[in-house]
Amino acid sequence: MVSNMAMGITEAVDRAVAALDVDRLHREYWEQNEFLVIRQFLPRAFVEEVLVPQAQGVKTELNRNYIPGHKKGGSVSYYTVRRRAPLFLDLYRSDSFRAFLDRLVDAKLLLCPENDPHSCALYYYTEPGDHIGFHYDTSYYKGARYTILMGLVDRSTQCKLVCELFKDHPTKAPQRLELITEPGDMVIFNGDKLWHAVTPLGEGEERIALTMEYVTNPEMGAFKRLYSNLKDSFAYFGLKTVFKQALAKKSS
Ligand SMILES: O=C(O)CCC(=O)C(=O)O
Ligand SMILES: [Fe+2]
């Protein structure tokens, strides 16, 4: 048998997908109002050996952001991932992974357009107090937007993903979950349905997560694109990163 480490990402993802009980996960996803956790989707040892060095390698390009009362942390955009940590794209673009997601959410999911800095990005919690307040991953696209998070580094006891299922649901009572996202653990949800936050990082701790976004319709109105770009600039990747790419796209 080939060891984990000798395997490429595509093959590791194919194997991980083949091992899933899709019918059970599909039931769970819908029973939880379009939310699912898959512990150890990729084996921790594989993630630490193959993917974590990619995430640690782009730390120099990390954009720090601070929005008083809402968010503090670091982010690396899709543009940097594409250029300097391309192994993550083997997961984001994997045919078997995308076919699994389509079956899970009962929709044909598309990659985000190339000018979306969030499509496959990295979130870093590296300084005490780094966190994000409660929010939805609202879709500004014409269709739905799905978020897939995968834990990469979790050297923390305090920094947790807090999820409130069924918030704003017409009949069900809200249900609160506090999740530690260990390397290889995956969380999948419809961005307009899951109310979630990340609690503050403690002293000497570190948490890194991969985020991947898929959409059912890659079109976005001009006003929403501007709003989305401004939000991404201040809350995540910086004005220069976001608008350099947006303008390059326009003039091309
Ligand atoms: O770090 C995470 O696990 C999630 C962060 C998040 O929800 C966001 O940036 O929208
Ligand atoms: Fe979020």
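Residues numbered from 1 in each chain as written. Chains lettered and ligands numbered in written order. Predicted model: local features only at pLDDT ≥ 70, side-chain atom pairs only at ≥ 80, totals over all residues. Heavy atoms only, no water.

**Some details on helix α2 (residues 22–31)**
So, step 1. Of all the residues in α2, the buried ones are V22, L25 and Y29. The buried side chains of α2 occupy one side of the element, clustering within an arc of 65 degrees when seen end-on. In α2, the exposed residues that point more than 90 degrees away from the buried face are D23 and E31.
So, step 2. Residues of α2 that are buried sit in contact with β1 (35–38), α6 (95–105), β7 (145–155) and β10 (186–190).
So, step 3. The positive-phi residue at the C-terminal boundary of α2 is N33, with phi of around 60 degrees. (Buried < 20%, exposed > 50% of the residue type's maximum accessible area, 1.4 Å probe, protein only. Helix = DSSP H or I, 4+ residues; strand = E, 2+ residues; numbered from the N terminus. Arc of directions from axis to C-beta. Contact = heavy atoms within 4.5 Å.)

**Section: the UniProt feature "domain: Fe2OG dioxygenase" (unreviewed entry) in the protein chain**
So, step 1. UniProt annotation of "domain: Fe2OG dioxygenase" (unreviewed entry) refers to residues 116–216 when read in the numbering used here.
So, step 2. Note that residues 116–216 is 0% helix and 50% strand, and that its end C-alpha atoms are spaced 14 Å apart. (UniProt positions renumbered as here; feature names shortened; annotations may be inferred.)

**Notes on the side chain of S233**
So, step 1. Note that S233 resides in helix α7 (residues 222–237).
So, step 2. Not counting residues within four places of it along the chain, the set of residues in contact with S233 comprises G238, L239, V242 and F243.

**Thoughts on the coordination of the iron ion (ligand 2)**
So, step 1. Note on the iron ion (ligand 2): its protein donors are H135 (NE2), D137 (OD) and H196 (NE2). The metal-donor distances range over 2.1 to 2.2 Å.
So, step 2. If you list the donors of the iron ion (ligand 2) from N- to C-terminus, the spacing comes out as H-x1-D-x58-H. One end of the pair, D137, is in the loop between β6 (131–135) and β7; the other, H196, is in strand β11 (residues 195–198), with 59 residues separating them in the sequence. Per residue, the accessibility class of D137 equals that of H196, and both read buried. (Donors = N, O, S within 2.8 Å, 3.2 Å for Na, K, Ca; no water.)

**Structural notes on the site of ligand 1**
So, step 1. The full set of residues close to ligand 1 is Y123, Y125, I132, H135, D137, L149, L161, H196, V198, R207 and Y236.
So, step 2. For ligand 1, an oxygen atom lies 3.0 Å from a polar atom in the side chain of H196.
So, step 3. R207 has a polar side-chain atom sitting 2.7 Å from an oxygen atom of ligand 1.
So, step 4. Expressed as a share of its isolated accessible area of 300 Å², the protein-covered part of ligand 1 is 98%.
So, step 5. For the shell around ligand 1, the secondary structure elements donating two or more residues are β5 (120–125), β6 and β11.
So, step 6. Its residues assigned to classes, the shell around ligand 1 comprises 7 nonpolar, 2 polar and 2 charged. (Near = heavy atom within 4 Å. Polar contact = N/O pair within 3.5 Å; in protein donor to acceptor, adjacent residues only side chain to side chain. Areas by Shrake-Rupley, 256 points an atom, 1.4 Å probe, with all protein chains shown as cover. Nonpolar A, V, L, I, M, F, W, Y, C, P; charged D, E, K, R; others polar.)

**Things to note about unusual backbone geometry**
So, step 1. Despite not being glycine, Q40 shows a phi value in the positive range, around 50 degrees.
So, step 2. With relative accessibility at 35%, the residue Q40 sits in the partly exposed group.

**Observations regarding α7**
So, step 1. Of the residues making up α7, those classed as buried are R225, S228, N229, D232, S233, A235, Y236 and F237.
So, step 2. Remark: G238 follows α7 within two positions and exhibits a positive phi of approximately 95 degrees.

**Digging into the pattern of salt bridges**
So, step 1. Applying the stated criterion across every chain yields a total of 20 salt bridges.
So, step 2. When the shortest N-O distance is used, the salt bridge between R24 and E28 registers 2.9 Å. Pair noted here: R24 and E28 are both in helix α2, with a separation of 4 residues, about one helical turn.
So, step 3. Owing to a relative accessible area of 40%, R24 belongs among the partly exposed residues under this scheme.
So, step 4. One salt bridge in this structure joins D130 and K72, with 3.0 Å as the shortest N-O distance. Here D130, found in the loop between β5 and β6, pairs with K72, found in strand β3 (residues 71–76); they are 58 residues apart in sequence, far enough to count as distant. Of the two residues examined, D130 and K72, each falls in the buried class. (Salt bridge = Lys/Arg side-chain N within 4 Å of Asp/Glu carboxyl O.)

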